[in-house]
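These are the residues of each chain, in order.
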Amino acid sequence: MALLKGTLDVLVLKTLSWGPMHGFEITSWLEERSGGRIGVTDAALLQALHRLEERKQVTAEWGVTRNGRRARYYALTPAGRAALREEAAALVDHVDALTDILTARRAEP
Amino acid sequence: MSGTPELGRGIRAGVRRLFRLPPRTRAQADADADAELDAFLEARIEHLVARGMTPAEARAEALRRLGAPLDDVRASLQHSAERREGRRRVLDWAEAVLADVRFAARQFVRTPGFTVTAVLVLALGIGATTAIFSAVRAVVLRPLPFAQPERLYMLWESNREMGSDREVVSPPNYLDWKERVSSFADVEAYGSAPFQVTITGLGEPLVLDGVPVTGGFFSMLGVRPMLGRDFTEAETWAEATWRAGETPLLLSARTWRTVFGGEASAIGRAVELNGGHARIVGVMPEGFAFPSEAVDLWMPSGWASENREAAWYRRDQSIRPIARLAPGATPERARAELETVAAQLAREHPATNTHVGAGLSPLHAFLVGDVRTPLLILLGAVGLMLLIACANVGNLLLVRASGRRQELAVRAALGAGRGRLVRQMLAESLALASLGGAFGIALGVAGTRLLERLQPAGLLRVTTFPVDAGVVAFAVLATVTAALLFGAFPALLARRSGPGEALREGGRTGGVAPGTRRVVGGLVVAEVALATLLVLGAGLLVRSTIQLRQVDPGFDPDGVVAISINLPGSRYPGPPTIAAFYDELLARIRAIPGVESVAASSTLPLRDRGATSDFFIAGRAPDAYGTEVVRRSVTPGYFETMGVPLLAGRGFTDADTFTDRWDEPRDDRVALINAALARQYFPGQDPVGQRITTDRVPDSTSQWRTIVGVVGNERQSEIAMPAQIELIEPFGQAIDTRMHIYVRMAGGEPTRVVPAVRAIVRELDPELPLIDAVAMEDVVADSMALDRFLMLLLGAFAAVALVLALVGVYGITAQVARQRLPEFGLRMALGARARDILGLTLRRGLSLVIIGLALGVAAALTATRAMAGLLYGITPNDPTTFLTVTSLLVAAGFGASWLPARRAARLDPATTLRAE
């Protein structure tokens, strides 16, 4: 399933609210949580991380994974946390509205 | 889930900012993006392999999941990373500059002593430079406020016989030049001598400074009256005035405001001018003043055209012509043409023009003339002072920076680029300079006002030095230059010292690195050299002024006051009436209690030289005439009153007078000559009894005078100029309307007699204007005003420079002493005496002083030549001055190094060792 525009950023922020992660951890986490229902290309994810970093919603620093590999770890900034709260609320609202419309039955006679 | 951040490699952004480390570069950002992509793919592949895929399958799957070709993804990620870092760099930079300034401010607050000293030193340097620059700009640099001023040229006569040029011109020569030289679009002229006019009919009689100009003068300059009308071409000639029955006057805006209340009704108003009818026809624009700011009004030249062919008129050098070059004409062609015309005139009028040439100079350069050199010397001096101030602050910063080496080293070790540290240093210097500059500009404005008041009256064409945008721009430029100059040293040193070196030194000695010490030493040497140069310059001026003070003006100014009176010709038409007035005046003044003696002369020594003329001594060869003899008339008792010795013969008596047959030849005319004339024209002879006339070629109408005595030389125009030859006539036989009354008072302030004299003048003639009075001591002092002015200013700059340089010497010696304290302690413990320690410390300070002195003296040997024209009685390399100044400086330098050295030597070795 393709993602709604602008949704990926919120999902990434949400994922990072559990703690610092590197790119592959983030995508794995999203796949697990969605039961594979959300399809994000890896390029899009990495691009989203750069975008968030530029907006100073996340910071990045190099670290070492449990397997002993180097990886770029992303962490939420206070600004990122605020953005997550705001955009998540808006998105939930939006999705509720969509759900209401799309699941409405024909009016009772 | 989360890994451990890698140590050392990744520095947190906050830390990065805190230590002012640079953001990542472009290449680093690209590498990061690449590495991240590779790591991501690795992780994906590893994951898939763990789920049972073969590595090849896993790799294909990973690339498929990427969603786009690998190279495209790589490029786009690199691009976004670069953009991100670029933006961050700009933001960081702005933030860092702010932080730098805040950081600098904190540093300054933490070290108030340093800050106040540095700011004061800079403010002094920048302020003084700004003030002098305002004067230079007003006088030398500002273009004349006329249309196309660069096309204007001053024309002058030269005289081969007397080897002179730039001389004043006679009206007939001017008229011929004007008519015959085609390179000039127009030539107009103004009267060269200051001309006092008395205006009556406005209540109190008023004495104003007037300048006669030819009719087209203002239109040639390209200036129009702001009110009323300009003069007309016809008004150049007296006939116009005769026809109108009155003289038209143009007022300066200042006179219009102060005398006529700035009312439009002043135009057309009739006034009495020196007893004749005159009418105000216009007002010149605000700020227009020519030839000097003292001018109150202008009147037409009013020449009588019938005089044009008279020989005496061709010798009547009384005007300054200004020419405007015709379009397309060059000054070279104009000069050639002018010289050709002068040669023609020499042939046409051999009696008057045989030796007369002509030349031209750019108007601005001509007007600025004499004051250009002194002003530029002052600007140079003040610039040197600013340099010393910069060196001084640079030194302060360096010494402070060496205390901060630990800080800088830590920052460098954390990866702060050297450029970054240099910028930090420069930000500090700039902040410091800005503070100094702000105070400096305020000081400069105050200094400018002070200069305006201190400048000798009449020295400069302008009396105000406005602090305009140009001056402020100069001050800002000086500030920034200063910041770069003194900020550069610590910044460069910060670049040079590697972090490891400084860190290894640890916090133990807190001393100065060898590199820093060399630079500080170099700066001190430069300071001493520059200060030496300045002090030598000031020393030369001081000695020159002392020499000048010892000059005997030829009269005794002590106790004598001079009072100037000018009788209007209209009410005192002939010699008898004029003589009667002055006789009565002198008699009444003589009766005032306290008056020892009183007399009058048509000249005022050192100020008003009077006219010169040719002369001929009876019995000499026809071509043995003389030129340029100063003529004046004095009343009996003048030389006694002024304390001028009678060297031979007799002085004038009341008998040397006649009131009839003025114009006829008669044989009872007498004269005195001064010693210069006697020595030059009567060597080895007795001039008494010889006859002399003021005609170059005597004829039957010549008035011969018998020389009855010789008097001492009085200096006539300048104190620094030897007395010219002089022919003195008795007032009773050479009546003049304009006389200076000299009153010698018995003790006390001589000017106290002035109110009584004024009362007498008012009784004798209530319509005479208020009269000028001046103590002769002030006249003598004023004649050295420029020298004193220069000496005071240059002396002040030199003093400041010297103090700054000595502070530098003191500072470096103290620094060395402090640094070697442990060594000294050890030495003393091992038996060295205090004297040895003293010597060790002194050596450093003194060697810098000696090197600086040597360099300064070497530079001065050449540089002071620029002052040659300003010095009296000494050469620019006057050995006495050089020796005195050098020994004084050695002594001062010794003192400045001895103080800290003594302190070091007095310390208890036990204490210093324990402190280690």
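Remember, it's a predicted structure, so these values are computed and weren't measured experimentally.

About the thresholds
Residues numbered from 1 in each chain as written. Chains lettered and ligands numbered in written order. Predicted model: local features only at pLDDT ≥ 70, side-chain atom pairs only at ≥ 80, totals over all residues. Heavy atoms only, no water. Helix = DSSP H or I, 4+ residues; strand = E, 2+ residues; numbered from the N terminus. Contact = heavy atoms within 4.5 Å. Buried area = accessible area lost by both parts, 1.4 Å probe. Salt bridge = Lys/Arg side-chain N within 4 Å of Asp/Glu carboxyl O. Nonpolar A, V, L, I, M, F, W, Y, C, P; charged D, E, K, R; others polar. Axes fitted to C-alpha atoms, helices over the stretch in contact; angles between N-to-C directions. Parallel < 35°, antiparallel > 145°, perpendicular 65-115°, else oblique. Patch = residues over 30% accessible without salt bridge, like charges linked within 9 Å, V, L, I, M, F, W, Y side chains within 5 Å. Areas by Shrake-Rupley, 256 points an atom, 1.4 Å probe, with all protein chains shown as cover. Lys, Arg positive; Asp, Glu negative; His and termini not counted. Charge placed at Lys NZ, Arg CZ, Asp CG, Glu CD. pLDDT = per-residue confidence, 0-100.

All names here are of chain B. In this structure, the amide linkage connecting Phe 290 to the following residue, Pro 291, adopts the cis form with an omega of 5°. Examined against the element boundaries, Pro 291 turns out to sit in the loop between β10 (276-283) and β11 (297-300). One non-glycine residue with positive phi stands out, namely Gln 148, at about 40°. Phi at Arg 166 is positive, roughly 55°, even though this residue is not glycine.

Turning our attention to the interface of chain A and chain B. Each side of the interface is counted separately: chain A has 30 residues, and chain B has 33 residues. Surface buried jointly by chain A and chain B totals about 3,100 Å² across both partners, of which 51% is contributed by carbon and sulfur atoms. By the criterion of area lost to chain B, the three top residues of chain A are A:Phe24, A:Glu54 and A:Trp62, representing 24% of everything that side buries. At the boundary of chain A and chain B, one finds nine salt bridges. The element that contributes the greatest number of residues to the side of chain A that touches chain B is helix α3 (residues 42-54) of chain A, accounting for nine residues. When grouped by side-chain class, the residues that make up the side of chain A that touches chain B number 12 nonpolar, seven polar and 11 charged.

One can describe the packing of α3(A) onto helix α4 (residues 70-110) of chain B by two numbers: an axis separation of 10 Å at closest approach and a directional angle of 5°. Here α4(B) runs roughly parallel to α3(A), going by the angle between their axes. On the side of α3(A), the interface is formed by A:Ala43, A:Leu46, A:Gln47, A:His50, A:Glu53 and A:Glu54, while α4(B) contributes B:Val73, B:Ser76, B:Leu77, B:Ser80, B:Ala81, B:Arg83, B:Arg84, B:Arg87 and B:Arg88. Here the contact of α3(A) with α4(B) is built from residues that sort into five nonpolar, four polar and six charged.

Turning our attention to a negative patch on the surface. Taken together, the side chains of B:Asp558, B:Glu749, B:Glu777 and B:Asp778 make up a negatively charged region of the molecular surface. Along the polypeptide, B:Asp778 turns up in helix α23 (residues 776-782).

Residues and elements named next belong to chain B. Overall, the predicted model of chain B reaches an average pLDDT of 85, with 91% of residues at or above 70. Predicted confidence is poor over residues 1-10, with pLDDT under 50, and the contacts of this stretch with residues over four places away or in other chains come to 18 contacts. Note on residues 505-510: pLDDT is under 50 here. Beyond four places in sequence and across chains, it has four contacts. As scored by the predictor, the complex reaches a pTM of 0.70 and an ipTM of 0.88.

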